[in-house]
Amino acid sequence: MQFDHKHFDKDLLIQLYAGLVKPRMIEEKMLILLRQGRVSKWFSGIGQEAIAVGATMALDSDEYIMPLHRNLGVFTARKMPFSKLFLQWQGKKEGYSKGRERSFHFGSNEHHICGMISHLGPQLAIADGIALAHKLQKEQKVSLAFSGDGGTSEGDFHEALNTAAVWGLPVIFLIENNGYGLSTPSSEQFICKQLADKAVGYGMASKIIDGNNILEVYQAIKEAREYCITEQKPIMIEAMTFRMRGHEEASGVKYVPKELFELWGKKDPVQNYEDFLKKENIIDDAQIAAIREAIQQEIEAGLEIGFAAEAIKPDTAEEVADVFVPYKAENTVITDSCAKSEKKFIQAISDAMRQAMERHPKLVLMGQDIAEYGGAFKVTEGMMEQFGKERVRNTPLCESAIIGTALGLSIKGYKAMMEMQFADFATVGFNQIINNLAKIHYRWGQNADVVVRMPTGAGVGAGPFHSQSNEAWFTHTPGLKVVYPATPEDAKGLLLASFEDPNPVIFFEHKALYRSVSGQVPDDYYTIEIGKARLVQEGSDVSIITYGSGVHWATEYAKQHPELSIDILDLRTLSPLDYEAIEASVKRTGKVLLLHEDCLMGGIGGEISAWISENCFQYLDAPIVRCASLDTPIPFAIELEQNFLAKGRLDESVQKLMQF
Ligand SMILES: Cc1ncc(C[n+]2csc(CCOP(=O)(O)OP(=O)(O)O)c2C)c(N)n1
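Scope of this entry: the structure provided in the associated data block. Since the model is a prediction, treat every value here as computed from it, not as a measurement. (Residues numbered from 1 in each chain as written. Predicted model: local features only at pLDDT ≥ 70, side-chain atom pairs only at ≥ 80, totals over all residues. Heavy atoms only, no water.)

Examining the overall build of the protein chain
In terms of regular secondary structure, the protein chain is built from 24 helices and 23 strands. What you see for the protein chain is a C-alpha radius of gyration of 28 Å, in line with the 26 Å of a compact globule of 660 residues. Put simply, the protein chain has 660 residues, and 60% of those count as buried. Sequence-distant contacts, at least 24 apart, represent 79% of the contacts inside the protein chain between residues at least 6 apart. Entry remark: accessible area of the protein chain is about 25,600 Å², with carbon and sulfur atoms responsible for 53%. Each charge class in the protein chain was averaged separately, 67 positive and 88 negative side chains, and the resulting centres sit 3 Å apart. (Helix = DSSP H or I, 4+ residues; strand = E, 2+ residues; numbered from the N terminus. Rg over C-alpha atoms; globule rule 2.2 N^0.38 Å. Buried < 20%, exposed > 50% of the residue type's maximum accessible area, 1.4 Å probe, protein only. Contact = heavy atoms within 4.5 Å. Areas by Shrake-Rupley, 256 points an atom, 1.4 Å probe, with all protein chains shown as cover. Lys, Arg positive; Asp, Glu negative; His and termini not counted. Charge placed at Lys NZ, Arg CZ, Asp CG, Glu CD.)

Things to note about the pattern of salt bridges
Side chains that differ in charge, positive against negative, can pair when their charged atoms come close. Summed over all chains, the structure comprises 37 salt bridges. Close ionic contact of Arg225 with Asp60 constitutes a salt bridge, the shortest N to O distance being 3.0 Å. Taken together, the residues span a long stretch of sequence, with Arg225 in helix H8 (residues 214-231) and Asp60 in the loop between helix H2 (49-58) and strand S1 (65-66) at a distance of 165 residues. Salt-bridge contacts for Arg245 lead to Glu249; the nearest nitrogen and oxygen are separated by 2.9 Å. On the basis of relative accessibility, which here comes to 28%, the residue Arg245 falls in the partly exposed class. Linked through salt bridges whose partners overlap, the residues forming this network are Asp60, Asp62, Glu63, Lys141, Arg225 and Glu226. (Salt bridge = Lys/Arg side-chain N within 4 Å of Asp/Glu carboxyl O.)

A word on the site of the ligand
By nearness alone, 14 residues border the ligand, and Arg70, Ser118, Gly150, Gly151 and Tyr180 come closest of all. Here an oxygen atom of the ligand sits 2.8 Å away from a polar atom, N or O, in the side chain of His69. The separation between a nitrogen atom of the ligand and a polar main-chain atom of Ser118 is 2.8 Å. Here the ligand, which alone exposes 580 Å², has 68% of that area covered by the protein. Here the shell around the ligand is composed, by residue class, of 3 nonpolar, 9 polar and 2 charged. (Near = heavy atom within 4 Å. Polar contact = N/O pair within 3.5 Å; in protein donor to acceptor, adjacent residues only side chain to side chain. Nonpolar A, V, L, I, M, F, W, Y, C, P; charged D, E, K, R; others polar.)

Looking at the pairing of strand S20 (residues 566-570)
Of all 5 residues that make up S20, 5 are buried, and the element is covered over most of its length. A two-sided burial pattern is seen for S20, the buried positions comprising Ile566, Ile568 and Asp570 on one face and Asp567 and Leu569 on the other. Direction of pairing for strand S18 (residues 534-537) relative to S20: antiparallel, over a ladder of 3 bridges. Bridge assignment links Gln537 to a residue of S20, and that residue is Ile568. With 5 bridges joining them, strand S19 (residues 542-546) and S20 adopt parallel strand pairing. From the neighbouring strand, Ile545 faces S20, where its bridge partner is Leu569. In this view, the connection linking S19 to its parallel neighbour S20 by way of helix H20 (residues 549-560) has right-handed handedness. (Pairing = 2+ DSSP bridges. Right-handed = clockwise from strand over helix to strand, strands pointing away.)

Some words on the sheet that holds strand S15 (residues 505-510)
Taken together, the 7 strands give an open sheet; going across it, the order is S11-S10-S12-S13-S15-S14-S21, and neighbouring strands pair in mixed fashion. Where the open sheet ends on each side, the last strands, each with one partner, are strand S11 (392-394) and strand S21 (573-575). Ignoring which end each strand starts from, the neighbouring axes of this sheet average 20 degrees apart. Examined bridge by bridge, strand S12 (residues 415-419) and strand S13 (residues 450-456) share 4 bridges and lie parallel to one another. Among the inter-strand pairings, Glu419 is bridged to a residue of S13, identified as Arg453. (Axes fitted to C-alpha atoms, helices over the stretch in contact; angles between N-to-C directions.)

Structural notes on the packing of aromatic side chains
All told, the structure shown has 28 aromatic pairs when counted by the stated rule. Between Tyr273 and Phe276 the ring centres are 6.0 Å apart and the planes differ by 25 degrees, which places this aromatic pair in the stacked class. Remark: Phe276 and Tyr273 occur in helix H10 (residues 269-279); sequence separation between them is 3 residues, near one turn of the helix. You'll find Tyr273 and Phe276 in the same group, each marked buried. Ring centres 5.7 Å apart and planes at 70 degrees place the aromatic pair Phe430 and Phe474 in the edge-to-face group. One end of the pair, Phe430, is in helix H16 (residues 430-437); the other, Phe474, is in helix H18 (residues 471-475), and 44 residues separate them in sequence. Looking at Phe430, the relative accessible area reads 28%, which means it is partly exposed. Under the relative-accessibility criterion, Phe474 is labelled buried at 0%. (Phe/Tyr/Trp six-rings, centres within 6.5 Å; stacked < 30°, edge-to-face > 60°.)

A few points about the packing of helix H5 (residues 122-137) against helix H15 (residues 399-411)
Between H5 and H15, the shortest axis-to-axis distance is 6 Å and the interhelical angle comes to 50 degrees. The angle between H5 and H15 falls in the class oblique. Where H5 crosses over H15, the handedness of that crossing is right-handed. Contacts from Ala125, Ile126, Asp128, Gly129, Ile130, Leu132 and Ala133 in H5 reach Ala401, Gly404, Thr405, Leu407, Gly408, Leu409 and Ile411 in H15. (Parallel < 35°, antiparallel > 145°, perpendicular 65-115°, else oblique. Left-handed = near helix turned anticlockwise from the far one by under 90°.)

Re the pairing of strand S3 (residues 171-177)
Counted residue by residue, S3 has 7 buried out of 7 residues, so it is predominantly covered. Because side chains alternate across S3, one face comprises the buried residues Val171, Phe173, Ile175 and Asn177, and the other comprises Ile172, Leu174 and Glu176, equally buried. Regarding topology, helix H6 (residues 155-167) serves as the crossover connection from strand S2 (residues 143-148) to the parallel S3, and that connection is right-handed.

Here's the deal with the packing of H5 against H6
Each pair of packed helices gets described by two things: the angle between the helix axes and the distance between those axes. Two elements in contact, H5 and H6, have axes whose closest approach is 7 Å; the angle formed by their N-to-C orientations is 15 degrees. Comparing their axes, H6 and H5 come out roughly parallel. Seen along the crossing, H5 lies across H6 with a hand that is left-handed. Contacts between H5 and H6 involve Pro122, Leu124, Ala125, Asp128, Leu132 and Lys135 from the first element and Asp156, Phe157, Ala160, Thr163, Ala164 and Trp167 from the second. The residue makeup of the contact of H5 with H6, split by class, is 8 nonpolar, 1 polar and 3 charged.

A closer look at H10
Within H10, burial applies to Pro269, Val270, Asn272, Tyr273, Glu274, Phe276 and Leu277. Contacts from the buried residues of H10 go to helix H1 (10-35), H2, H8 and helix H11 (285-308). Looking at where H10 begins, the residue whose side-chain oxygen comes 3.1 Å from the main-chain nitrogen of Val270 is Asp268. Backbone geometry just downstream of H10 places Asn281 in the positive-phi region, at approximately 60 degrees.

A few points about the nonpolar core
With 148 residues, the main nonpolar core has Trp89, Phe146, Ile172, Ile221, Tyr273, Phe474 and Ile612 as its most contacted residues. The contact partners of Trp89, leaving out residues within four places of it in the chain, are Ile26, Met30, Trp42, Leu72, Phe82, Ser103 and Phe104. Ranked by size, the runner-up nonpolar core spans 38 residues in total, among them Ala352, Met357, Phe387 and Met417. (Core = buried A, V, L, I, M, F, W, Y, C linked by side-chain atoms within 4.5 Å.)

Next up, the structure:
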């Protein structure tokens, strides 16, 4: 192994050595503790330390890194105290995630680290978002994201690299090519010669380096950093290395030919660097011993603290409270003017977006075709002209990367909105919403200040992939607020409230209402509290509890049936639900119809029905009835679509209920 140190000063060379030895020594200790059964799972990075350590030390300490499961060296090079790391791995309250996360799945803003989720690839787009914040603020900074060779096969890898390249984002994508993804060798993972070849397709520069040579890694990342900042472009670095232990400690290494261990054993990053420093008289045995002794002491002291810490005592209230960043939602009106104008639903939404952009200078809008073209439904028409192309951004067809980017923006203190062209396409961004946006605050205290706008619903003959009602996918996920307005006034006030809220909000807009429903909408800025239902009309015979298009079906039905005194409750928010308003409606009528456009099975109606039975049984005079759409995909032909929708069964459902 050739080390080239001609322009590094001696102190740096020694610091790099100490940085390299530290994760190795921690790991050696962890392997002993593992054998003693004193720690659980462990993913080893032995043999790969030079990459994490060299890369981290080449960056400024306030530049974000998105590490993976073999990157202990990132955490140690960022000087995280070993005691706290150990408390983290032990699942203790004093760790970085209050016992909620395992191994390296946590972050720390103090250390500018955003930890992984198990899915690996979603990390990469978060680096895009952080880099976009740097770019918008004209900060001379980069972000750096790790990927394994296996992870490069994920769609998220493609999306993140493509987006970074198209948007000219200063991101270093650092691939650790260790030849295996769990047991799968590279030959079964990709067919290009080197992973760096993939960069060509993205129009991205790339470089292959010896990942076991810390000086080469350090130098390459320093140069990559300079390149990203001056050129305002991303770069891919492929670091060739080898994993000297199993995927994780329990999984063994039977599938790896012995010769490979022999070959790479000779290339050990720590031993080779130590030999080099000694040969060059940069360090001597006494200095090596002193460095190791100091690390040893830190490890022992850390372990003592870790083992002495008490086992975690669950506090349910704290667990629930930490799902969201604390935020007091309320109704607000900023000016005294009560001027109102007649607006279509879609105009109310545009109005809200415009006022939110004025109010929050750090709000960035992203979505397919939303800039010059004004969006598929023209919601953002004129906004690029008003707020500029930096804040109103056309995106490539990369839903997952854009949601990841939104999260990265949030980490840097921005607010982000992503317009899903149709709610149906949330499937291709689902992982980022469900596993990153929703869980990150609970996991390690970072909020996701992101609004995903979802044009949803049927009634326009658009078939199975442009008409779905998929709100229940999200109401089932703790950590998301799910908002679903039915009127123009609510649409504006709730959307403005969603932008105020620092938590992730999935905002449903029924596209059949966009141009069919109008109403008086206050001209000025106002918000409507998320989580509060609206009593559309009070009644005493039967309650129809509904939302979205259901509100209009119920209102029309009530007009056609003046003989019935119908109580109509518009939920407005599906998560959190307004249980108080639901209970009040049940008390008024004793008969409940839950109406929604979503399918019957697993729709929110089932959940509300269960809650009413458990909590309001004494007020009921009849079984709860659900009126929902068929449990089939949504068909295209208008006749079939009408047959599918709940609306056609509303009368039958009310009559059934009124028989009691
Ligand atoms: C989406 C997803 N699929 C599968 C897995 C299971 N898994 C965890 S790590 C891993 C191998 C990753 O290989 P690579 O990216 O090369 O990183 P390495 O472990 O070699 O460092 C697999 C398949 C996962 N965590 N996430």
